[in-house]
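Each chain, letter by letter, is given below.
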Amino acid sequence: MKRFLTIMASALMIISAMSCQQIETPSIEFARSLYSVRNEASTDITLVLSKESPSDITVPLSFASKAELGTEYTVSSENIIIKAGETSGAITLTNNSLGSDDEIRISIKEVPAGYTPGSRSTTIVSPSSQQALIYSFQCESADVLDKYIATIELKGTVTENFTAAERLSIPATLSGEGASLVSCSDGGNFIVEAGESKGTMTLTLKDANYTGAAKLNINITEDGAYIGGNTETMEITVKGVLSPAVIAGTWEFEETINLEELEMWFEEYEDDASLLPVHNDGFRLTFSRNNGAYTVTPSGEGDWNNYFRSSAISWTKPVNTPSGAVILGNYTADESNMFIAEVDTPRQQMTYFRLDKVNRAFSADTETAGAGAIAMRLRNDGRLEIHIRDYSTPPFGEMWWDDEKFDADMFSFASTFKKVN
C-alpha cells in the first residue's frame, strides 16, 4: 500500500509540472507605450514576443486618430509580421502633416493563437512640432592617430538650412574591435553648439604607445529625431601615431598623386611643368635604426634625390599645413590636400617628422644644407604616403612660389611608396 501511494504521488507531481508548463503561454505586446514622430519624419512601431516564434505570424493592427490614415500619416503596413525564430517585428509610421494634437492610438486588433496580450497591447504615437534632423558624416573614413575629431553635418526635414537654436547633444554608438581603444568626448555624444549646423565628437587614443589597424564604426542612434543622410555611418581605423619603427625598411616610389591635375595647375600659371620634381621612378627611402636613433637614407634615381640626404628623423610639430588643417596633437594634423581629395579620401590624418639634413635648395645644381620636414601617413592599402613640407625657394614653380607662405597643396608633391624590403 505504501508503494502504491508513492507511485501515485510521483504521478501527480509529473501531471502538476506538465500543467504548469501548459500555463506558460508566450505574450505579445508593443515595445513601448509611447512613440514620438517629428514633422515629415518616420518612426518604427515594434511588437515583441516573450519567446521566439516557432513560425511566421501576422499581427493585424487597428489605428485610431482624428488624423486621416493615408493622408496626414502613412504606415508601411497595417500588419506586423514576426518571422520564425525571431522575437520582434515592426512597421514604419510616417508623419506627413500631423497636427500637434493628432495622437494616434495603435492596438493589436487580433492576438495570434497561442499568445496572450502583454501589458502594452496598445501604444500611442505623439506628433512633435519639431522637425527631424538629417545627419551626414563629413567623411566616410578616417584614422585615429593620437586623436580624431569626427564631424556630422545637419539639415532639417522642413528647413534645409538648419542651425541649432540651442546646444544639442546627439548620441552616437561605437562598435567594432577598435571601439575599446578610444575614449569619446561628451559621453559619446556629438555636440552641436547654438547657431551651428555641424556637430563634433573627439576620439582619443587610450594607449599612447598603441600601433595597429583596428576598425571601429560610428553610428547615430536613429529614433525618429535623427535620420541618416548621404553618409550615415563612418569607419575609423585606430592606428596610433606613425613612427619610424612602424615603417622600418625600404620603400620605393610608386606615383605622384593626381599628377596630371597638379601639372595642369602649374601650366595654367605658365610654369614649366617639366621642371617639377615628379620624375622619381626607382627612387627609394630606407628607414632604419642606428645607435638607438632612426635615420632615413635615399637611394636610386629621381628628382627627390635633390632634396633628401642621409639624415636623422624624429617627430616634429606640424609645419606648413594646408589651409583648413586641424592640429590634433604634438605631431599630428587632420588636413585636406586638394589633389588627394579629388582621387582619394577628402581629408588625411598626417604625422610630421623633422629631417636633420636636407638640401633646402631642392636643386641638382645648388646645395643649401639645413633641416627639413616631411608629413607621412600609412594608408589602409599598405602604401606609405609622403609629403615634402619644408624647403627654400626652389628652381621650379616660379609663378606659384611665395616666400611668405609655403603652399602645401602645390609644393608638397604628395607621393605614394610601396615597401620592397
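Details of the structure are given in the entry above.
Read on for an overview of the structure. (Residues numbered from 1 in each chain as written. Predicted model: local features only at pLDDT ≥ 70, side-chain atom pairs only at ≥ 80, totals over all residues. Heavy atoms only, no water.)

1. Structural notes on the packing of aromatic side chains
At step 1: The tally for this structure, following the rule as stated, stands at 28 aromatic pairs.
At step 2: Ring centres of Phe-362 and Phe-396 lie 5.4 Å apart, and the angle between their planes is 85°; this geometry places the pair in the edge-to-face category. With a gap of 34 residues between them, Phe-362 in the loop between strand 27 (348-359) and strand 28 (369-378) and Phe-396 in the loop between strand 29 (384-390) and helix 4 (408-411) connect regions that are remote in the sequence.
At step 3: The class of Phe-362 is buried, set by a relative accessible area of 2%.
At step 4: Taking the centre distance of 6.4 Å and the plane angle of 25° together, the rings of Phe-396 and Phe-411 count as stacked. Highlighted residues: Phe-396 in the loop between strand 29 and helix 4 and Phe-411 in helix 4, separated in sequence by 15 residues. The same class applies to Phe-396 and to Phe-411, which are both buried. (Phe/Tyr/Trp six-rings, centres within 6.5 Å; stacked < 30°, edge-to-face > 60°. Helix = DSSP H or I, 4+ residues; strand = E, 2+ residues; numbered from the N terminus. Buried < 20%, exposed > 50% of the residue type's maximum accessible area, 1.4 Å probe, protein only.)

2. Some words on the pattern of salt bridges
At step 1: Overall, the coordinates contain 19 salt bridges when judged by the stated rule.
At step 2: For Arg-347, the salt bridge is made with Asp-334, and the minimal N-O distance between the two is 3.0 Å. Pair noted here: Arg-347 is in the loop between helix 3 (338-343) and strand 27 and Asp-334 is in strand 26 (residues 332-335), with a separation of 13 residues, a long-range link.
At step 3: In this structure Arg-347 comes out as buried when scored by relative accessible area, which is 16%.
At step 4: Classification of Asp-334 by relative accessible area gives buried; the value is 6%.
At step 5: What you see here is one network of salt bridges that share partners, running through Asp-344, Arg-377, Arg-379, Asp-381 and Glu-385. (Salt bridge = Lys/Arg side-chain N within 4 Å of Asp/Glu carboxyl O.)

3. Topic: the sheet that holds strand 7 (residues 88-95)
Strand pairing in a sheet is mediated by backbone hydrogen bonds. Such pairs are either parallel or antiparallel.
At step 1: One open sheet holds the five strands; their spatial order is 5-7-3-1-9, and the pairing between them is mixed. Every other strand in the sheet has two partners, leaving strand 5 (73-75) and strand 9 (116-117) as the edge strands with one partner each.
At step 2: Of the strand pairs in this sheet, strand 1 (residues 27-30) and strand 3 (residues 42-49) are connected by three bridges, and their pairing is antiparallel. Across the sheet, residue Phe-30 finds its bridge partner in strand 3, namely Leu-47. (Pairing = 2+ DSSP bridges.)

4. Some remarks on helix 2 (residues 259-268)
At step 1: Along helix 2, the positions that sit buried rather than exposed are Glu-261, Leu-262 and Phe-266. When helix 2 is viewed along its axis, its buried side chains cluster within an angular range of 140° and face the same direction. Looking at helix 2, the residues exposed on the side facing more than 90 degrees away from the buried face are Glu-260 and Glu-268.
At step 2: Along its buried surface, helix 2 packs onto strand 21 (249-256), helix 3 and helix 4.
At step 3: Backbone geometry just after helix 2 places Glu-270 at a positive phi near 65°. (Arc of directions from axis to C-beta. Contact = heavy atoms within 4.5 Å.)

5. Some thoughts on the sheet that holds strand 8 (residues 104-108)
At step 1: Read from one edge of the open sheet, five strands run 2-10-8-4-6, paired in mixed fashion. Unpaired on one side and paired on the other, strand 2 (34-39) and strand 6 (79-82) mark the two borders of the sheet. Across the sheet, the mean angle from the axis of one strand to that of its neighbour is 30°, orientation sign disregarded.
At step 2: Pairing of strand 8 with strand 10 (residues 122-131), which is carried by four bridges, proceeds in the antiparallel orientation. (Axes fitted to C-alpha atoms, helices over the stretch in contact; angles between N-to-C directions.)

6. So, the state of the cysteines
Formally, a disulfide is one covalent bond, and it connects the sulfur atom of one cysteine to the sulfur atom of another.
At step 1: As enumerated under the stated definition, the model contains zero disulfides in all.
At step 2: No disulfide involves Cys-184; its nearest neighbouring cysteine sulfur is the one of Cys-139, lying 17 Å away.
At step 3: Using a relative accessible area of 27% as the deciding quantity, one classes Cys-184 as partly exposed. (Disulfide = S-S within 2.5 Å.)

7. As for the pairing of strand 7
At step 1: Burial along strand 7 is one-sided: Gly-89, Ile-91, Leu-93 and Asn-95 are buried, while Ser-88, Ala-90, Thr-92 and Thr-94, pointing the other way, are not.
At step 2: Here strand 3 runs beside strand 7; their pairing, made up of seven bridges, is antiparallel. Counted as the bridge partner of Ile-45 is Ile-91 from strand 7.
At step 3: In the sheet, strand 5 pairs with strand 7 via three bridges, with the strands oriented antiparallel. Bridge pairing links Thr-74 to Thr-94 in strand 7.

So, to be careful, I would describe these as geometric facts and stop short of saying anything about function.
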